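Geometric and topological summary
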Number of protein chains: 2
Amino acid sequence: MNMLLLQKEDFVSENQAVITGRRFERLKDFIHIEVGKQLKSGIRNGLCGTAEVIAIASDRVTVDFSAASQPPPPPPLTLVIALQRPQTFGKVIHSAVSMGIKKIHFIHTFKVEKSYWQSSRLLPENLNEEITLAMEQAADPVEPELFFHRRFKIFADDELESIAGSSIRLFGDPAGESPVPLHGTPVTLALGPEGGFTDYEISTLKEHDFHGITLGSRILRTEFALAALLGKLIL
Amino acid sequence: MNMLLLQKEDFVSENQAVITGRRFERLKDFIHIEVGKQLKSGIRNGLCGTAEVIAIASDRVTVDFSAASQPPPPPPLTLVIALQRPQTFGKVIHSAVSMGIKKIHFIHTFKVEKSYWQSSRLLPENLNEEITLAMEQAADPVEPELFFHRRFKIFADDELESIAGSSIRLFGDPAGESPVPLHGTPVTLALGPEGGFTDYEISTLKEHDFHGITLGSRILRTEFALAALLGKLIL
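Read on for an overview of the structure. Residue indices follow the written sequence of each chain, beginning from 1 at its first position. Whichever chain is written first becomes A and whichever ligand is written first becomes 1, with later ones labelled in order. In keeping with the model being predicted, local features are shown solely for residues with a pLDDT of at least 70 and side-chain atom pairs are shown and tallied solely at 80 or more, while totals for entire chains, interfaces and linings include all residues. Note that the side-chain values use all heavy atoms of the structure and ignore hydrogens as well as water.

1. Some details on the pattern of salt bridges
Any carboxyl oxygen of Asp or Glu within 4 Å of a side-chain nitrogen of Lys or Arg constitutes a salt bridge here. By the definition in use, this model includes 24 salt bridges over all chains. A salt bridge links A:Glu145 to A:Lys103, with the nearest nitrogen and oxygen atoms 2.7 Å apart. Here A:Glu145 is found in strand β8 (residues 145-149), whereas its partner A:Lys103 is found in strand β7 (residues 103-107), with 42 residues between them in sequence. Note that B:Lys153 and B:Asp157 form a salt bridge whose closest N and O atoms lie 2.6 Å from each other. Highlighted residues: B:Lys153 and B:Asp157, both in helix α4 (residues 152-164), separated by four residues, approximately one helical turn. Owing to a relative accessible area of 46%, B:Asp157 belongs among the partly exposed residues under this scheme. Each of A:Lys102, A:Asp140 and B:Arg218 takes part in salt bridges that share partners, so that together they form one network. Secondary structure elements follow DSSP: runs of H or I of four or more residues count as helices, runs of E of two or more count as strands, with numbering from the N terminus. The classification of residues rests on relative accessible area computed with a 1.4 Å probe and restricted to protein chains. Under 20% of the type maximum is buried, over 50% is exposed, and intermediate values are partly exposed.

2. Considering the sheet that holds strand β11 (residues 211-213) of chain B
Residues and elements named next belong to chain B. Pairing in this open sheet of six strands is parallel, and the strands run β8-β7-β6-β10-β9-β11 from one edge to the other. Both outer strands of the open sheet, β8 (145-149) and β11, are each paired with one neighbouring strand and no more. Between one strand axis and the next, the sheet turns through 30° on average, direction left out of account. One ladder, built from four bridges, connects strand β9 (residues 168-177) with strand β10 (residues 187-191); its direction is parallel. Looking across to β10, one finds that Leu170 is bridged to Leu189. Two strands qualify as a pair provided that DSSP identifies no fewer than 2 bridges between them. Structural elements are reduced to axes, namely lines fitted to C-alpha atoms, with helices fitted over the stretch in contact, and the angle between N-to-C directions of any two is expressed from 0 to 180 degrees.

3. Side note on the relation of the copies chain A and chain B
There are two copies of the chain, and a rotation about an axis plus a shift along that axis relates them. If you rotate chain A by 180° and push it 0.0 Å along the axis, it lands on chain B with an RMSD of 0.0 Å. Such values leave the two copies arranged in the relation of a two-fold axis. What makes two residues a contact is simply this: any of their non-hydrogen atoms within 4.5 Å. When the interface residues of chain A are mapped onto chain B, 100% of them are again interface residues, pointing to one common binding face. Least-squares superposition aligns the copies on the C-alpha atoms of those residues with pLDDT at or above 70 in both.

4. As for the nonpolar core
Residues belong to a common nonpolar core when they are buried Ala, Val, Leu, Ile, Met, Phe, Trp, Tyr or Cys residues joined through side-chain atoms within 4.5 Å. Grouped together as the largest cluster of nonpolar side chains are 84 residues, with contacts concentrated most on A:Leu79, A:Ile104, A:Leu189, B:Leu79, B:Ile104 and B:Leu189. Each residue touching B:Ile104, except ones within four places of it in the same chain, is listed here: B:Leu79, B:Ile81, B:Ala96, B:Val97, B:Glu145, B:Leu146 and B:Phe147.

5. Let's talk about the side chain of A:Thr62
All names here are of chain A. If you trace the backbone, Thr62 turns up in strand β5 (residues 61-69). The exposure class of Thr62 is buried, given its relative accessible area of 15%. Setting aside chain neighbours within four positions, we find Thr62 in contact with Gln16, Ala17, Val18, Glu52, Val53, Ile54 and Ala55.

6. Topic: the interface of chain A and chain B
Listed as interface residues are 30 residues of chain A and, on the opposing side, 30 residues of chain B. Reported buried area values correspond to the accessible surface (1.4 Å probe) lost by two parts on association, with both partners' losses combined. In total, about 2,500 Å² of surface goes out of reach between chain A and chain B, with carbon and sulfur atoms giving 58% of it. Applying the counting rule to chain A against chain B returns two salt bridges. Residue B:Asp140 is joined to A:Arg218 by a salt bridge in which the shortest nitrogen-to-oxygen separation is 2.9 Å. Polar contact is defined as a pair of N or O atoms within 3.5 Å, subject to the rule that within protein one atom must be able to donate a hydrogen and the other to accept it, and that residues adjacent in sequence are counted only when both atoms are side-chain atoms. At the junction of chain A with chain B, the criterion picks out 14 residue pairs in polar contact (both at pLDDT 80 or more).

7. Quick notes on the sheet that holds strand β3 (residues 38-43) of chain B
Residues and elements named next belong to chain B. The five strands lie next to each other as β1-β3-β4-β5-β2, forming an open sheet whose pairing is mixed. Every interior strand has two partners, whereas the edge strands, β1 (4-6) and β2 (16-19), have only one. Strand after strand, the sheet turns through a mean of 40° between neighbouring axes, direction not considered.

Structure representation (structure tokens):
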């Protein structure tokens, strides 16, 4: 937890917020808290700043929040990614959200097992927890938007054009070219499932002006491929 | 498992190898094997090629290996990294090894807890398993060399110069500059522990001509920071 993430509901007055539950336990266990201590903080979907501890009880901490700065600017990247197996899904969320990606479209493809859509990790409360932990890790209080598209053809025919808009369009492809840094140009990046996109899916992406890119012959886990591509293209 | 990794001990004749144990279970459970099937393969610290299944028994598969190509070239990066907490250590190994890094120096720093050095993950058999899984993931048969340095000062005084040699010298530093792609120039990259290098450690690194770099204000888990930096600098 590199940022104490405050929610609107935590506030008991304009600047004072009361922290209980998981965040309180985390503060107590990992950070030496005492009255007067300044914590890096941020308001969910609001500003970054400092929370000063003003009272400590057995099950809660009260802090006084001072806003200081805008949240870090997001990388100009929209992610389109095949729904991963449940264990991998959490890692991909963490990787994407902690690197500041704000629009993530999970899609169905031929090699996505139907059962992945039944995973409890997709329940709103579990998604919210996954996202919150990644925001706390990154010290970025702005939550991402997640979208789920359960039919590849409908997604490709009806939504992909408006999602990608005027951005550069790239997809991960072992047969693709080595990518070049984009120097701030917005990009829509599509990543396939374990086993890759099918030929039909690749031709559909190409019809929508997506170009294949690869980081080389080594096969990386999706969460690391995403981090390396973001490093290469954007950071 | 994206590559069937063969060891010298597996070979029963010049080209024929017998696979048992974990690799056999993996082949049986995840890959539809039958006589005649061609598997992507590689010999540990040797060539890449194809293994054709020539016999299947209840507890073993016999394959015929044909060499076809050199292993993928490694990125020109030597990693120097503070020893992580045990759970993170495995992820860092996976991240580094699957991206092809061949020299990894784990070092002690002030904020590395002494107990991390007692972790069972550092036992040779556990290290070997961690490394092997990452090599199989990446389809790279060349194993990395791991080095462990338990005294920061001795490491910095006696070993760092010869390790870094004529390479560019960079270290992860929240106060550093944004890095630029190195276009193939060799680099030695030093990454700190959770909580970062101390001022003394930073000044020591700077005395050895290391320059601080950062990917921005977001705080990433070490394994993702490493992937993003490798993407930015090398891939």
